[in-house]
Amino acid sequence: MTIGARVLKTGLAVALALYLSNMLGFASPIIAAVASIFTIQPSISRSWQQVVDQLQTNLLGAAVALAAVSLFGTAPIAVGLVCIIVILISIKLRMESTIGLTLVTVVAVMEANQEGWTFALDRVLMVLTGMAAAFAVNTLIIPPRPRKQFVSQVQEAYNQLSLLLRLAISNEMKEDVHRREKEKLVGILRKLDESYLLFEEERSLLPKRKAARARQLILSKHLIKALHKGVDLLEVVEEHYFSAADAEMWAKRFDAQIEELAKYHEHILLKLAGKMKPFATIEPEQEREDRLIEQLTSYLHDEHGHNKRLVFVASSMLEYGYHLRRLDKVADQVQQREGAAELSLQ
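Bear in mind that the values here come from a model prediction, so they are computed numbers and not experimental data.

A look at the overall build of the protein
Then comes step 1: The number of helices and strands found in the protein is 12 helices and 0 strands.
Then comes step 2: In sequence order, the secondary structure elements of the protein are arranged as α-α-α-α-α-α-α-α-α-α-α-α.
Then comes step 3: Split into buried and exposed, the 346 residues of the protein put 42% on the buried side.
Then comes step 4: Within the protein, contacts between residues separated by at least 24 positions form 77% of all contacts whose residues are at least 6 apart in sequence.

A closer look at the environment of lysine 252
Then comes step 1: If you trace the backbone, lysine 252 turns up in helix H10 (residues 247-272).
Then comes step 2: Taking the C-alpha atoms as reference points, lysine 252 and isoleucine 169, separated by 83 residues in sequence, lie 8.4 Å from one another.

Observations regarding unusual backbone geometry
Then comes step 1: The backbone of arginine 94 shows a phi angle near 60°, a positive value even though the residue is not glycine.
Then comes step 2: Secondary-structure assignment places arginine 94 in the loop between helix H4 (76-92) and helix H5 (99-112).

A look at the packing of helix H3 (residues 44-72) against H4
Then comes step 1: Contact geometry for H3 and H4: axes closest at 10 Å, N-to-C directions at 150°. In this view, H3 runs roughly antiparallel relative to H4, as classed from their interaxial angle. Both H3 and H4 take part in a crossing whose hand is right-handed. Facing H3, whose interface residues are Thr57, Leu60, Gly61, Val64, Ala65, Ala68 and Phe72, H4 presents Ala78, Val82, Val86, Ile89 and Ser90.
Then comes step 2: Along the lines of polarity and charge, the residues of the contact of H3 with H4 split into 9 nonpolar, 3 polar and no charged.

Thoughts on the nonpolar core
Then comes step 1: With 50 residues, the main nonpolar core has Leu227, Val237, Tyr241, Phe254 and Met317 as its most contacted residues.
Then comes step 2: For this core, the elements supplying multiple residues, two or more each, are helix H7 (146-166), helix H8 (175-201), helix H9 (207-240), H10, helix H11 (286-302) and helix H12 (309-345).
Then comes step 3: Counting residues per element, this core draws most heavily on H9, at 11 residues.
Then comes step 4: Within the second largest apolar cluster, 13 residues are counted, among which are Leu66, Val69, Val86 and Val106.

Quick notes on the UniProt feature "transmembrane region" (unreviewed entry) in the protein
Then comes step 1: Here, UniProt's "transmembrane region" (unreviewed entry) annotation points to residues 12-40, 60-88 and 124-142.
Then comes step 2: The annotated region residues 60-88 carries 90% helix and 0% strand content, and the separation between its end C-alpha atoms amounts to 12 Å.
Then comes step 3: Across residues 124-142 one finds 89% helix and 0% strand; the C-alpha atoms that close the span lie 28 Å apart.

So, the packing of aromatic side chains
Then comes step 1: For the structure shown, the criterion picks out 2 aromatic pairs.
Then comes step 2: Judged by centre distance (5.4 Å) and plane angle (55°), the ring pair of tryptophan 48 and phenylalanine 135 falls under tilted. Linking tryptophan 48 in helix H3 with phenylalanine 135 in helix H6 (residues 117-140), this pair joins segments that are 87 residues apart in sequence.
Then comes step 3: Given the relative accessible area of 47%, tryptophan 48 is considered partly exposed.
Then comes step 4: Phenylalanine 135 gets classed as partly exposed once you look at its relative accessible area, which sits at 23%.
Then comes step 5: Ring geometry for phenylalanine 150 against tyrosine 196: centres 6.3 Å apart, planes inclined by 55°, an arrangement best described as tilted. Of this pair, phenylalanine 150 sits in helix H7 while tyrosine 196 sits in helix H8, and the two are 46 residues apart along the sequence.

Focus on the pattern of salt bridges
Then comes step 1: Enumeration according to the criterion identifies 9 salt bridges in this entry.
Then comes step 2: Ionic pairing is found between arginine 180 and aspartate 176, a salt bridge with its closest N-O pair at 3.8 Å. With arginine 180 and aspartate 176 both in helix H8 and 4 residues apart, the pair spans about one turn of that helix.
Then comes step 3: By relative accessible area, which is 34% here, aspartate 176 ends up partly exposed.

Observations regarding the side chain of serine 220
Then comes step 1: For serine 220, the position within the fold is in helix H9.
Then comes step 2: A polar atom in the side chain of serine 220 sits 2.7 Å from the backbone oxygen of glutamine 216.
Then comes step 3: When near neighbours in sequence (up to four residues on either side) are disregarded, serine 220 contacts Arg147, Phe150, Tyr196 and Phe199.

Overview of the confidence of the model for the protein
Then comes step 1: On average, residues of the protein score 81 in pLDDT, and 86% of them reach the 70 mark or higher.
Then comes step 2: Confidence, read as mean pLDDT per element, is least for H11 in the protein (73) and greatest for H7 (89).

Regarding a nonpolar patch on the surface
Then comes step 1: Together, Leu8, Leu12, Leu140, Ile141 and Ile142 make up an exposed nonpolar region whose accessible area comes to about 440 Å².
Then comes step 2: Here isoleucine 142 is to be found in the loop between H6 and H7.

Considerations on H7
Then comes step 1: The terminal C-alpha atoms of H7 lie 30 Å apart, and with 21 residues this matches the ideal 30 Å at 1.5 Å per residue to within 8%.
Then comes step 2: Among all positions in H7, only Pro146, Phe150, Gln153, Val154, Ala157, Tyr158, Gln160, Leu161, Ser162, Leu164 and Leu165 are buried.

Here is what the cut-offs are and how they apply
- Residues numbered from 1 in each chain as written.
- Predicted model: local features only at pLDDT ≥ 70, side-chain atom pairs only at ≥ 80, totals over all residues.
- Heavy atoms only, no water.
- Helix = DSSP H or I, 4+ residues; strand = E, 2+ residues; numbered from the N terminus.
- Buried < 20%, exposed > 50% of the residue type's maximum accessible area, 1.4 Å probe, protein only.
- Contact = heavy atoms within 4.5 Å.
- Axes fitted to C-alpha atoms, helices over the stretch in contact; angles between N-to-C directions.
- Parallel < 35°, antiparallel > 145°, perpendicular 65-115°, else oblique.
- Left-handed = near helix turned anticlockwise from the far one by under 90°.
- Nonpolar A, V, L, I, M, F, W, Y, C, P; charged D, E, K, R; others polar.
- Core = buried A, V, L, I, M, F, W, Y, C linked by side-chain atoms within 4.5 Å.
- UniProt positions renumbered as here; feature names shortened; annotations may be inferred.
- Phe/Tyr/Trp six-rings, centres within 6.5 Å; stacked < 30°, edge-to-face > 60°.
- Salt bridge = Lys/Arg side-chain N within 4 Å of Asp/Glu carboxyl O.
- Polar contact = N/O pair within 3.5 Å; in protein donor to acceptor, adjacent residues only side chain to side chain.
- pLDDT = per-residue confidence, 0-100.
- Patch = residues over 30% accessible without salt bridge, like charges linked within 9 Å, V, L, I, M, F, W, Y side chains within 5 Å.
- Areas by Shrake-Rupley, 256 points an atom, 1.4 Å probe, with all protein chains shown as cover.
- Expected span 1.5 Å × (residues − 1).

This is the structure:
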């Protein structure tokens, strides 16, 4: 079992929050530790947004708690009603992620108000100390790199997809192994979609960086789209190819075409990683696709439309190839723009 960066930073944030609480002389450093746990996020942008939202709702929650103490006292039913009110306010403000820590603040303030307003204020300061500690740790120690994580997951997803596609027609992989490998691929794609959202949330202050980031976002969308189209092809093969009556007579041609597409996908990723020679020709032969379509059309015509399932497989292959070519063009455009931007800076 490996210790991830977020796990490590959560522990460091708690330790820092406790240290600062002791240094500032807070009566109960536990509240600061809890606040630091809630504030740690998988990206700096999301962590900062969490701090902003937490600050607003916690101050609002503290104000509501203090007002409720003056009006209703600190009876258990009063604390419960105030928690309900704060939850509804947080939902109304679309800050549901802050509810947990805000309720901690509300309960702490209402409990502490029995000892005076100064003690209640200390409770709020403890929360702010914990949030500050967590944000500092998240920003300065192993800061999140959504783009780097995204690129790594794209390559991992392709490796898994390529393995399954290249063995799809031959059907040589054991069923239980195939099922596990496909579940692994689906899990990687799910994480990839989450990484894209984190990457999309990142903000750049410099105009040139904003333009470069926008290009990378467009490229990332096409990378994800191509992977999903590859998965679609895999599912179509599983659902329709083996149910076709004359599947075996088309096995070699379909297998060769899928192999060509998987190789093309690999070359695009290698080009994006800077591992391909300039102007290397990597696009599959258009003539092979045209020939396959012509042969399949002639076959279906002679068979009076039987085995239409093969059309679904061919259509999915063509769509996968279409999106790979789109990805290739976008990759070329992004690399050309980035190359021109680097030259202008020299």
